Amino acid sequence: MAKRRAEPLVWLLFTSGGLAAALLLPVLLVLFGLVFPAGWVPAPAQAHLLSLARNPLTRVVLLGLCVLALFHWAHRFRYTLYDGLQLKHLSKLIIVGCYGGALVGSALAGYLLLAGL
Amino acid sequence: MNARYTEFHPRWHRPRMPVFWWAGRRSYLIFVIRELSSVFVAWSVVFLLLLVHAVSQGGTQYQQFLNLSSNPWMLALNVIALAFLVFHAITWFNLAPQAMVVHLRGRRVPRSAITGAHYAGWALLSALAAWLILG
């Protein structure tokens, strides 16, 4: 019963995470994963990024993005393992691994963005 | 005869599927690639948190992060991740009208308008983020 009641919640996290990831992650990865490392545009100064990251709105947006995107991963990867690799008999282990991983990642993101900056 | 009931493997009724059942047909392959994009979504979050941590630790650590990100292996990984992220975004936005049925003044908002709104939001947020980061 508990599993059935949790399903709408993880589905909601999955869809909002999919949307947040689609809207915001590509531009961040284009800049920090490709444009700056390849030297097409000089990377911004650390002081500028620090003041940007310390803005309360940035913290909230980044934390929301991290948490939702991690739960999006957890939910989708769970079903990838079920269907793609036919591991449904390991259901309990996979659920603990996926959502547990997302929880740990979310806690880490919360610490880094709220306490660490 | 073993009559034990197994929840997900009613072996007597269903033939076993090969593990790589999705490799044979294009539409199945695209489905699995879309599912796998989630791994790269998680990777981008990890990469983003590494950046946040480096920025919070000071100039030296930030420079170390920049060096790490320009390592050829890291660059290659991020280019692949980027391809998966863009694939995720496009498939997500194109599916949005199937998930959202919006009615305005009693009439259904056309599917193209919902997809278009998502792409416009994507462009707007990307431009805003780039503008903020590049300062």
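As the structure is a prediction and not an experimental result, all values here were calculated from the model.

(A) Representation of the overall build of chain A in the model. A count of helices and strands for chain A gives four helices and zero strands. Listing each helix as α and each strand as β along chain A from the N terminus yields α-α-α-α. A compact globule built from 117 residues should have a C-alpha radius of gyration of about 13 Å, whereas chain A, at 17 Å, is more than 25% larger. With the C-alpha coordinates aligned to their principal axes, the bounding extent of chain A is approximately 50 × 30 × 20 Å. Taking the intrachain contacts of chain A between residues at least 6 apart in sequence as the baseline, contacts between residues at least 24 apart amount to 80%.

(B) Expanded view of the nonpolar core. In terms of nonpolar packing, the biggest core is built from 52 residues, with Cys-66, Ala-69, Leu-70 and Phe-71 of chain A together with Val-41 of chain B touching the most fellow members. Elements represented by at least two residues in this core include exactly α1 (2–35), α3 (56–84) and α4 (91–115) of chain A together with α1 (26–57), α2 (59–69) and α3 (72–99) of chain B. For this core, the element with the highest residue contribution is α1 of chain A, accounting for 14 residues.

(C) Structural detail: the environment of Tyr-28 of chain B. Along the chain, Tyr-28 of chain B falls in helix α1. As a C-alpha pair, Tyr-28 of chain B and Gln-98 of chain B span 70 residues in sequence and 20 Å in three-dimensional space.

(D) Quick look at α4 of chain A. Taking 1.5 Å of rise per residue, 25 residues should cover 36 Å, and α4 of chain A covers 35 Å from first to last C-alpha, within 8% of that figure. Residues Ile-94, Cys-98, Ala-102, Gly-105, Ala-109, Leu-112 and Leu-113 of chain A constitute the buried set of α4 of chain A. Where α4 of chain A is buried, its residues contact α3 of chain A together with α1 of chain B.

(E) Up close: the interface of chain B and chain A. With 49 residues of chain B at the interface, the matching set in chain A holds 47 residues. Elements that contribute at least two residues to the side of chain B that touches chain A include exactly α1, α2, α3 and α4 (111–134) of chain B. The element best represented in the side of chain B that touches chain A is α1 of chain B, accounting for 17 residues. Classifying every residue of the side of chain B that touches chain A gives 34 nonpolar, 14 polar and one charged.

(F) View of the packing of α3 of chain B against α4 of chain B. All names here are of chain B. Packing of α3 against α4 brings their axes to within 7 Å, and their N-to-C directions diverge by 145°. Between α3 and α4 the crossing geometry is right-handed. Of α4, the residues touching α3 (which contributes Ala-89, Phe-93, Asn-94, Ala-96 and Pro-97) are Arg-111, Ile-114, Thr-115, His-118, Tyr-119 and Trp-122. When grouped by side-chain class, the residues that make up the contact of α3 with α4 number seven nonpolar, three polar and one charged.

(G) Expanded view of the confidence of the model for chain B. Here chain B averages 90 in pLDDT, while 90% of its residues score no lower than 70. Two numbers describe this predicted complex: its pTM, 0.89, and its ipTM, 0.94.

About the cut-offs
- Residues numbered from 1 in each chain as written.
- Chains lettered and ligands numbered in written order.
- Predicted model: local features only at pLDDT ≥ 70, side-chain atom pairs only at ≥ 80, totals over all residues.
- Helix = DSSP H or I, 4+ residues; strand = E, 2+ residues; numbered from the N terminus.
- Rg over C-alpha atoms; globule rule 2.2 N^0.38 Å.
- Contact = placed C-beta atoms within 7 Å.
- Core = buried A, V, L, I, M, F, W, Y, C linked by C-beta atoms within 7 Å.
- Buried ≥ 20, exposed ≤ 12 C-beta atoms within 10 Å, placed from the backbone.
- Expected span 1.5 Å × (residues − 1).
- Nonpolar A, V, L, I, M, F, W, Y, C, P; charged D, E, K, R; others polar.
- Axes fitted to C-alpha atoms, helices over the stretch in contact; angles between N-to-C directions.
- Left-handed = near helix turned anticlockwise from the far one by under 90°.
- pLDDT = per-residue confidence, 0-100.

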